[in-house]
Amino acid sequence: MKHLLLSILGCCALLASAQQVDVVKHQRLLQGVEGPAYYPVLDQTGTKLLFASGAEYGLKLYDMSNDVVTRISNERCAGIDAGFDSDGNVIFIGQSINENNLIYRTGYRYDVKRAATDVVLEAQHGAVNREMGSRGVAIHGPRKSYASAQNIGTAVNVQGSNLIITVNGKQRSCSPVESYAGYLWPSLSPDGTKVLFYAAGAGAFVTDLNGKVLARLGNYEMPCWYNNDYVVAQNATDDGHQFTSSQIMLLKADGSFRHELTKPTSMSMQPTSAAGKIVYTSIDGLLYLMEISIND
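Residues numbered from 1 in each chain as written. Predicted model: local features only at pLDDT ≥ 70, side-chain atom pairs only at ≥ 80, totals over all residues. Heavy atoms only, no water.

Colleague: How do you make sense of the overall build of the protein when you look at a structure like this?
Modeller: Counting its secondary structure elements, the protein contains one helix and 26 strands. Against the 2.2 N^0.38 benchmark of 19 Å for 296 residues, the protein shows a C-alpha radius of gyration of 20 Å, consistent with a compact globule. The principal-axis extent of the C-alpha atoms belonging to the protein is close to 80 × 50 × 40 Å. Buried residues in the protein amount to 47% of all 296 residues. The contacts in the protein between residues at least 6 apart in sequence include a share of 36% that link residues at least 24 apart. Total accessible area on the protein stands at roughly 14900 Å², and carbon and sulfur atoms take up 49% of it. A gap of 5 Å separates the mean positions of the 24 positive and 27 negative side-chain charges of the protein. (Helix = DSSP H or I, 4+ residues; strand = E, 2+ residues; numbered from the N terminus. Rg over C-alpha atoms; globule rule 2.2 N^0.38 Å. Buried < 20%, exposed > 50% of the residue type's maximum accessible area, 1.4 Å probe, protein only. Contact = heavy atoms within 4.5 Å. Areas by Shrake-Rupley, 256 points an atom, 1.4 Å probe, with all protein chains shown as cover. Lys, Arg positive; Asp, Glu negative; His and termini not counted. Charge placed at Lys NZ, Arg CZ, Asp CG, Glu CD.)

Here it is, written out as structure tokens:
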């Protein structure tokens, strides 16, 4: 009887502590205005949205405050790895192919106030990637790099199966999870104390700034921070040729809780989140905005 009572009390405590998640807003964005849109990225205020558009994945900026869409670049793949710097301007990487079919990548900065684009990193052949920091952003190439500030603060980047974490100007490299196919989608928590990333074949993980694993969240792709305690990610399946299902999930950053925000049949993917907003796209390139409430 004593063991039964303890079991019942434990179940009651578990139920009492369960999170309640409600969708308080869910709407289609840019309906009838834009064609297919992919790789959405919100700025810190949740009022501006970058997305890839067109056959070559050019880059557009949607200002939700005045409902205006601006085309930033038609350059190939400019919308695939774009982001905002600490001043709210847009950093992106464009691609071009020369006569020998070699791919060259150029780093750009779009000044929102001037509505003008400047080259910040000349074209280079080889891998060029963006690094987000708490005070700025950097673009790293095989020969040259660019930084929006002398000190971009606490930052995280990936090179193969290595996390490159910078704290107080000191850079450390670590491999907290085995992954022969490498790491993807690294990001800092809003308070700059934790790192989120995806290890191919292993799933999404949270570490501290020393690379110590704090939580394994599961095999969820394209994870991003909702706030310091929660993560939004894509849960997709495929048959080896095409997606068979895809949904948006809310995950607690300590791995203790998960919740479906969309159904697997919705084919929803590529989430981004900021300032309490979640934006995602569908397999057909339809953009949606969602706002939720979480009662712990």
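Colleague: What should I look at first to understand a negative patch on the surface in this one?
Modeller: Together, Asp-191, Asp-229, Asp-254 and Asp-296 line one region of the surface with negative charge. In this structure, Asp-229 sits in the loop between strand E20 (221-225) and strand E21 (230-238). On the basis of relative accessible area, Asp-229 is assigned to the partly exposed category, the value being 45%. (Patch = residues over 30% accessible without salt bridge, like charges linked within 9 Å, V, L, I, M, F, W, Y side chains within 5 Å. Salt bridge = Lys/Arg side-chain N within 4 Å of Asp/Glu carboxyl O.)

Colleague: What is the right way to read the sheet that holds strand E4 (residues 58-63) from this model?
Modeller: Sheets are built from strands that pair by backbone hydrogen bonding, the pairs being arranged parallel or antiparallel. Taken in spatial order, the four strands make up an open sheet running E2-E3-E4-E5, and their pairing is antiparallel. Taken across any chain shown, the strands that pair with only one partner, and hence form the sheet edges, are strand E2 (37-42) and strand E5 (68-73). Neighbour-to-neighbour, the strand axes of this sheet turn through a mean angle of 25 degrees, independent of strand direction. Two strands pair when backbone bridges link them, and E2 and strand E3 (residues 48-53) are joined in this way by four bridges, in the antiparallel orientation. From the neighbouring strand, Ala-37 faces E3, where its bridge partner is Ser-53. (Pairing = 2+ DSSP bridges. Axes fitted to C-alpha atoms, helices over the stretch in contact; angles between N-to-C directions.)

Colleague: Quick question: what am I supposed to make of the sheet that holds strand E12 (residues 145-147) here?
Modeller: Pairing is antiparallel across the open sheet formed by six strands, whose spatial order is E12-E11-E10-E13-E14-E15. In the strand order of this sheet, the two ends are held by E12 and strand E15 (170-174), each with one partner. Pairwise comparison of adjacent strand axes, ignoring direction, gives a mean angle of 20 degrees for this sheet. In this structure, strand E10 (residues 129-133) lies alongside strand E13 (residues 155-159), joined through two bridges in antiparallel fashion. Paired with Met-132 across the bridge in E13 is Val-156.

Any functional reading would require information beyond the geometric quantities listed.
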